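What follows is each chain in one-letter form.
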Amino acid sequence: MATLDGCFHCALPIPANCDFTVEIDGKPKPVCCPGCKAVAELIRDAGMTRYYTLRDTPTPGLGRPDATADEWQVFDRDDMLEAFAEREGDRASASIFAGGMYCAACSWLIETTLTKTPGILSADVNPVTHRVLVTWRPGEIGLGGVLGVLSGLGYKPQPLAPDADARPELVEQRAALKRLLVASIGMMQVMMFAVGLYSGQFQGIDENMQRFLRFVSLFVTTPVVFYSARPFFAGAMRGVRARRPGMDLPVSIAIGGAYLASVYSTFTGGAEVWFDSVTMFVFFLTLGRFLEMRARHRSVDRSAALSSLMPNTVTRIDADETRVVPASQLVAGDRVRVRPGEAIPADGVIESGTTAIDESVLTGESQAQLKRPGDAIVAGSVNLDGVIEMRVRHTGVDTTLGTIGRLSERARYARPAFVQLSDKIASYFVVAILILAAGVAGAWYLVDAERAFVVTLSVLVVTCPCALALATPAAFAAAGSRLSELHLLITNGNAVEALSRATHVVFDKTGTLTRGMPSVLRVTLFDTGLDETRARNIAAALETASTHPIARAFSKPSAALAVSEPKVVVGEGVEGIVEGRHWRLGSPAFVAADAPDDTEIDDGATRVFLGTDGRLAARFDIGDELRPDARHALNELKRIGLDLALLSGDREPAVKRVAAALDIRDARARCSPKDKLEAIHALQSAGATVVMVGDGINDAPVLAGADASIAPSHAALLAQTSADILMLGESLEPLVTAFRAARQTMRIVRQNMAWAIGYNLSAVPLAAAGLVPPWAAAIGMSASSLIVVLNALRLSRFEAPPRNDRASSAGRIASRPGRSREPLVR
């Protein structure tokens, strides 16, 4: 039993004025609180003090009971039982995540405690996933009671929806892993027996021992053929029925033929058996397919990881009451309270409270974002440090998270044209292989009938088009998975090939190169008794009464001020009393009689004036902020040989200002969606491959008309559904990553195709000449397939280009002398 300096149960430091102890094995042990004392006594009274002997040294705090354990009672309601449990007669079962498990002793403690609890029939703990499958009688104990027992032991239970483990890709992975395990064990054992058989051919072997080794090899090989190789036979049958033979057909003929010939030779005392070749062939083929499958599933794993961010339950505010309900019951318009540490359950707007929100999993932004009332928040992000109340706007599949998942699912089932072409070539290659094998069999039957079967088998094995069939899909799958990890979600597989040969990138301005929201560009002060910070705070306080879009520029003051008698004057501005003085914010004529009439300046920015008692106090230039890394990202695109253009529906001064800041020579203003589409078609007619980057509803036709299209994740839904790639986060750096990754992907595809074709052209003559035995053919074909897959998996380690630390400063427009801050653009 480990000696602890702190609490005997949870290892936290013991407060100076705390004298709680619990007697364990006749010795007093110090504990830090009544909760730990109660849990330790529970473990002792249940006769389970062995837990303290079995456990590792705990992380301080783990195991300390939850002070809000009474809240688990809400899970006894029928709606909670329906949401998280499966009922069968008088029994119910649920899967529960037990947070705070850290060693095998925890599994033993949980299982032992739960099974001794009246009403609980069984409890099975998976120590790897920290999940507990519990079965109980609802008439004797409720789901809340089960969770309460776990909470009382110091764990943090979380019930999981019944379909949480029902992901089809997990079922596929588990089945494939079992087949690979059987094939690997079978291959190792048969190869051991084959050593004796091959040695006997050179040194002599007793006939009975030879027969014994052959029968044992047959016994071990049979499950490999009928279980591990079953997908090959099933795929071959599907291809034959559909009259589209695939690579599974020659594989199945080779495996089945070698196995049946070996069985015949075993029972008749023939000269050779090929059990070692069969098991080796099946193992390496299964391994190659498993690696390719894992590459495909990585993007699905990311979608599932995003979905797992959603909470199972939420605290909904009904009138003046709060009620814990399943998250699936939320609808638009509901009010929800979110505590620190909890995930945001839906897309919505903060109504009360200020907090920091972690959106890193969704956007890749490592810094927490400060959010105040009126700010939008998205499902799956995490509330870090403040209690907030939010109004739900979108739930379920309609959230940003749901849209991303839906588009990812669409891409999962889409097959790029390049992959379809590869499949078509492989199908023709299969037919050619079968004709070639038949020809080789006939020729060798005439030359040396005894070797005809062995040579034909070698030809079938060595020329199996596995490498050719895997060359393209493995690369595309690995690229898609890696790009999703780099915050680029591919919704159309053809986009990778289009990006690799792109020559032009066309940008929209507002919301793409800029942030798409008004911001204070410059502050000019006319009142010497007023500083910039105070002017901003007064303006922000006045704008709380306004719904005008420009009010968003003042939505986050550094200090809040109370406003009395606020009044909005339509078309003029807003006024109110702040700290006993009457202030106005708006047009110059509204603020002061002698103010200059200049509400717009040459760079497209809008001027808003602040004044008090009929005198001007300050002027704010309002515009749209350029994304900090825009200049660096666009310079990188130019460096890799891409031509850039800017098509915007905005006014010419604002467009020219952005183009000058980002060094875009081809910039056009006041473009309608039709004008943009015509410009894209003109470039395509000239032989260009065009990629469009935009985020607005009016960009949807252009996104659909370009060879490939990219939209930020905050884009309008129509723009998202029209785009081939979604960028998560506010940065433009993923654009550079997308083009570089696409080019690397196509480079690897060409390498794989060259290797597959070259291998077959060199191996076929050797096999047809009888120079390659079946076991060598199996090794050669398997090595070829593994080389192709492993080469494709290099894309899984593709790294985004290093970000320039000065990107944020380089991306801003150079300021003029005397300005108080960097100017921004609209």
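Read on for an overview of the structure. Just so you know, these numbers come straight off a predicted model, no measurement behind them.

Things to note about the overall build of the chain
Looking only at helices and strands, the chain features 26 helices and 29 strands. Here the chain holds 826 residues, and the buried ones make up 50% of them. Summed over its atoms, the accessible surface of the chain is roughly 37600 Å², and 55% of this surface lies on carbon and sulfur atoms.

Digging into the packing of helix α24 (residues 733-768) against helix α25 (residues 774-793)
At a closest axis distance of 9 Å, the pairing of α24 and α25 adopts a crossing angle of 170°. In terms of orientation, α24 and α25 fall into the roughly antiparallel class. Only Ala 777, Gly 780, Met 781, Ser 784, Ile 787, Val 788, Asn 791 and Ala 792 of α25 make contact with α24, whose side of the interface consists of Ile 748, Gln 751, Asn 752, Trp 755 and Tyr 759. Here the residues of the contact of α24 with α25 are counted per class, giving 8 nonpolar, 5 polar and no charged.

Some details on the nonpolar core
The biggest cluster of nonpolar side chains holds 56 residues, and the ones touching the most others in it are Leu 499, Phe 507, Leu 513 and Phe 739. If you tally residues by element for this core, the top one is α24, at 10 residues. Two domains each provide a minimum of three residues to this core, namely domain 3 (424-487 + 740-800) and domain 4 (490-514 + 627-739). Setting aside its immediate chain neighbours within four residues, Leu 499 contacts Val 691, Ala 708, Ile 710, Ile 725, Ala 738, Phe 739 and Ala 742.

Some remarks on empty space enclosed by the protein
Scanning the model with the defined rule gives 4 cavities of 30 Å³ or more in all. Considering only enclosed or pocket space, the largest cavity measures out at about 50 Å³ in volume. Residue lining of the largest cavity: Ala 254, Ile 255, Ala 258, Ser 277, Val 278, Phe 281, Leu 457, Val 461, Pro 774 and Ala 778, and that is the complete set. Within the lining of the largest cavity, the residues separate by chemical class into 9 nonpolar, 1 polar and no charged. Mapped onto the domain boundaries, the lining of the largest cavity takes at least three residues apiece from domain 2 (170-297) and domain 3 (424-487 + 740-800).

Side note on the packing of aromatic side chains
Summed over the entire model, instances satisfying the criterion amount to 6 aromatic pairs. A centroid spacing of 6.4 Å and a plane angle of 65° characterise the contact between Tyr 259 and Phe 275, whose relative ring orientation is edge-to-face. Taken together, the residues span a long stretch of sequence, with Tyr 259 in helix α9 (residues 248-268) and Phe 275 in helix α10 (residues 275-307) at a distance of 16 residues. Overall, the relative accessible area of 8% leaves Tyr 259 in the buried class.

Some details on the pairing of strand β1 (residues 21-24)
Judged by which residues are buried, β1 turns out to be one-sided: Val 22 and Ile 24 face inward and are buried, whereas Thr 21 and Glu 23, on the alternate face, are not. What sits between the antiparallel neighbours β1 and strand β2 (residues 27-30) is a turn of 2 residues, in which Asp 25 has the positive phi angle 55°.

Side note on the side chain of Asp 508
With respect to the element layout, Asp 508 can be found in the loop between β18 (504-507) and β19 (514-525). There is a polar contact of 3.3 Å between the side chain of Asp 508 and the side chain of Lys 676.

Some remarks on helix α7 (residues 207-228)
Here α7 is 22 residues long and its end C-alpha atoms lie 31 Å apart, about the 32 Å a rise of 1.5 Å per residue gives. Approximately 30° is the largest bend angle found in α7, and it occurs at Thr 221, with the proline Pro 223 only one to four residues beyond. Listing the buried residues of α7 in full gives Leu 213, Arg 214, Ser 217, Leu 218, Val 220, Thr 221, Val 224, Val 225 and Ser 228. The backbone nitrogen of Asn 208 lies 3.0 Å from a side-chain oxygen of the residue at the head of α7, namely Asp 206.

Details of the environment of Gly 200
Checked against the element boundaries, Gly 200 lands in helix α6 (residues 168-203). The buried category is assigned to Gly 200, whose relative accessible area is 12%. Taking the C-alpha atoms as reference points, Gly 200 and Gln 210, 10 residues apart in sequence, are found 8.0 Å from one another.

With respect to the sheet that holds strand β23 (residues 606-612)
On the basis of which strands lie adjacent, the open sheet formed by 6 strands has the order β19-β24-β23-β22-β21-β20 and antiparallel pairing. Every interior strand has two partners, whereas the edge strands, β19 and β20 (563-569), have only one. On average, each strand axis in the sheet is inclined to that of its neighbour by 20°, with strand direction left out of account. By the bridge criterion, 6 bridges tie strand β21 (residues 573-578) to strand β22 (residues 581-586) in an arrangement that is antiparallel. Its bridge partner lying in β22, Ile 577 is registered against His 582.

Quick word on the sheet that holds strand β14 (residues 376-377)
Pairing is antiparallel across the open sheet formed by 6 strands, whose spatial order is β9-β8-β10-β16-β11-β14. The sheet is open, and its two edges are formed by β9 (321-326) and β14, each paired on a single side. The pairing of strand β11 (residues 347-352) with strand β16 (residues 388-394) spans 5 bridges and is antiparallel. Bridged to Gly 348 within β16 is Val 392.

As for the environment of Leu 488
Examined against the element boundaries, Leu 488 turns out to sit in strand β17 (residues 488-490). For the pair Leu 488 and Leu 735, spaced 247 residues apart in the sequence, the C-alpha separation amounts to 8.6 Å. Contact partners of Leu 488, with chain neighbours within four places excluded, come to Leu 483, Ile 725, Leu 726, Met 727, Pro 734, Thr 737 and Ala 738.

Definitions and limits used
Residues numbered from 1 in each chain as written. Predicted model: local features only at pLDDT ≥ 70, side-chain atom pairs only at ≥ 80, totals over all residues. Heavy atoms only, no water. Helix = DSSP H or I, 4+ residues; strand = E, 2+ residues; numbered from the N terminus. Buried < 20%, exposed > 50% of the residue type's maximum accessible area, 1.4 Å probe, protein only. Areas by Shrake-Rupley, 256 points an atom, 1.4 Å probe, with all protein chains shown as cover. Axes fitted to C-alpha atoms, helices over the stretch in contact; angles between N-to-C directions. Parallel < 35°, antiparallel > 145°, perpendicular 65-115°, else oblique. Contact = heavy atoms within 4.5 Å. Nonpolar A, V, L, I, M, F, W, Y, C, P; charged D, E, K, R; others polar. Core = buried A, V, L, I, M, F, W, Y, C linked by side-chain atoms within 4.5 Å. Domains from an automatic or database assignment. 1 Å grid on protein atoms, 1.4 Å probe; cavity = no way out; pocket = protein on both sides within 12 Å on 5 of 7 lines; lining within 4 Å. Points joined across faces, edges and corners; volume = space filled by probe spheres on them. Phe/Tyr/Trp six-rings, centres within 6.5 Å; stacked < 30°, edge-to-face > 60°. Pairing = 2+ DSSP bridges. Polar contact = N/O pair within 3.5 Å; in protein donor to acceptor, adjacent residues only side chain to side chain. Expected span 1.5 Å × (residues − 1). Bend = angle between axes of the 7 residues up to and from the residue.

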